[in-house]
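# Structural overview for review
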Amino acid sequence: MWRYEIEFRHNCWVQILLVSLGTPSALADNVARAADWLLDQADADGELFLEYIDESGHGLANQGWKDSDDSVRFADGTIVEGPIALTEVQGYAYEARLVAARLLEEREERLVIDRLMDSTMFTGFGIRTLSSDNGAYFPTRYHGGSVWSHDTAFILRQAMRAGFMREAQQIARALVRAAQGFDWRLPELFAGDPTVAVQQPLPYPASCRPQAWAAASAVPIAEVLGLLPARN
């Protein structure tokens, strides 16, 4: 039954994308092939999750935005071995298939935003890449406790879209506070030390500053704070 449901969603997704692109379209074949790949290759074991594994041993161990080899861990700090199904990738695919249909119920969205705003994740400068109660947490670990400007900006924009305006504004003001600490040039990432421990955000030693996607965080910040019209 699950197979039929996935095939149904696959076919619907292809048709929706083709309509949105315009028919006939030079991209029609690419869209169909992408849908086939999602169905047959990205979920090779049929468990309904899009997953990855570096079978060659020469590629990226982790194939999400946090692509360092120690970035995906269990709660006790143990490094996860492949195959790995990243939560955000499931969201990308769901949104692509159903054209922005809601993946979470309102109660579940509330759980997510409360978790992100907990002091183990929210530092007062941004959102950590790993909870401070994880066994592998360290404030200057590249993907294991640091704060990435663009990631925090993405979270605040999605919080706004989901209707959590108070939390989105709180995150936006946190990034503004972080920017002030870096002479108004948001870095690629910075340390995950909280505001209760430090007055200014501490730099990550090898962080790029300025950096393009960190600088782009100014757009959702301005949207949330009412300085720019919010986009859908």
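For the structure, check the block above.
These remarks concern the structure in this document. (Residues numbered from 1 in each chain as written. Predicted model: local features only at pLDDT ≥ 70, side-chain atom pairs only at ≥ 80, totals over all residues. Heavy atoms only, no water.)

On to the packing of aromatic side chains. A complete count under the given rule lists four aromatic pairs for this structure. Seen in terms of ring centroids, Trp148 and Trp213 are 6.2 Å apart; in terms of plane orientation they differ by 85°. Their pairing is edge-to-face. Note that Trp148 is positioned in strand E1 (residues 147–148) and Trp213 in helix H7 (residues 212–215), a separation of 65 residues in sequence. Using a relative accessible area of 38% as the deciding quantity, one classes Trp213 as partly exposed. Through a chain of ring-to-ring contacts, the aromatic side chains of Tyr142, Trp148, Tyr204 and Trp213 assemble into a single cluster. (Phe/Tyr/Trp six-rings, centres within 6.5 Å; stacked < 30°, edge-to-face > 60°. Helix = DSSP H or I, 4+ residues; strand = E, 2+ residues; numbered from the N terminus. Buried < 20%, exposed > 50% of the residue type's maximum accessible area, 1.4 Å probe, protein only.)

Applying the stated criterion to the full structure yields seven salt bridges. Notably, a salt bridge pairs Arg73 with Asp70, separated by 3.6 Å at the nearest N-O pair. Across the pair, exposure class does not vary: Arg73 and Asp70 are buried alike. Across the pair Arg115 and Asp133 runs a salt bridge, and its minimum N-O distance is 4.0 Å. In this pair, Arg115 sits in helix H4 (residues 106–117) while Asp133 sits in the loop between H4 and E1, placing the two residues 18 residues apart along the sequence. With a relative accessible area of 55%, Asp133 lands in the exposed category. Here the residues in one salt-bridge network are Arg110, Asp114, Arg166 and Glu167, joined through shared partners. (Salt bridge = Lys/Arg side-chain N within 4 Å of Asp/Glu carboxyl O.)

Further remarks concern the side chain of Lys66. Checked against the element boundaries, Lys66 lands in the loop between helix H2 (28–40) and helix H3 (87–98). The buried charged residue Lys66 lacks any salt bridge, with Asp151 as its nearest oppositely charged partner at 6.5 Å. Within the local environment of Lys66, its side chain forms a polar contact with the backbone oxygen of Thr129, the two atoms lying 2.9 Å apart. In contact with Lys66, not counting residues within four places along its chain, are Ser71, Thr129 and His143. (Lys, Arg positive; Asp, Glu negative; His and termini not counted. Polar contact = N/O pair within 3.5 Å; in protein donor to acceptor, adjacent residues only side chain to side chain. Contact = heavy atoms within 4.5 Å.)

What follows is about the nonpolar core. In terms of nonpolar packing, the biggest core is built from 28 residues, with Ile127, Leu156 and Ile171 touching the most fellow members. Counting residues per element, the ones that place at least two in this core are H4, helix H5 (149–161), helix H6 (165–181) and helix H8 (218–224). Per-element accounting of this core gives the leading share, seven residues, to H6. Contacts of Ile171, omitting those with residues within four sequence positions, involve Met117, Phe122, Ile127, Thr152, Ile155 and Leu156. (Core = buried A, V, L, I, M, F, W, Y, C linked by side-chain atoms within 4.5 Å.)

Residues spaced three or four apart along an α-helix face the same direction, because each turn holds 3.6 residues. End to end, H4 covers 16 Å across twelve residues, agreeing with the expected 16 Å (1.5 Å per residue, within 8%). Of the surrounding elements, those touching the buried residues of H4 are H5 and H6. (Expected span 1.5 Å × (residues − 1).)

All right, on to H6 then. If you check H6, its first and last C-alpha atoms are 24 Å apart, about what 17 residues at 1.5 Å a residue would give, namely 24 Å. Of the positions making up H6, those classed as buried are Glu167, Ala168, Ile171, Ala172, Ala174, Leu175, Ala178 and Ala179. Take H6 and look down its axis: the buried residues cluster within an arc of 155°, on one side only. Residues of H6 that are exposed and point over 90 degrees away from its buried face: Arg166, Arg173 and Gln180. Close packing links the buried residues of H6 with H4, H5, strand E2 (189–190) and H8. Just downstream of H6 lies Asp183, where phi reads positive at about 60°. (Arc of directions from axis to C-beta.)

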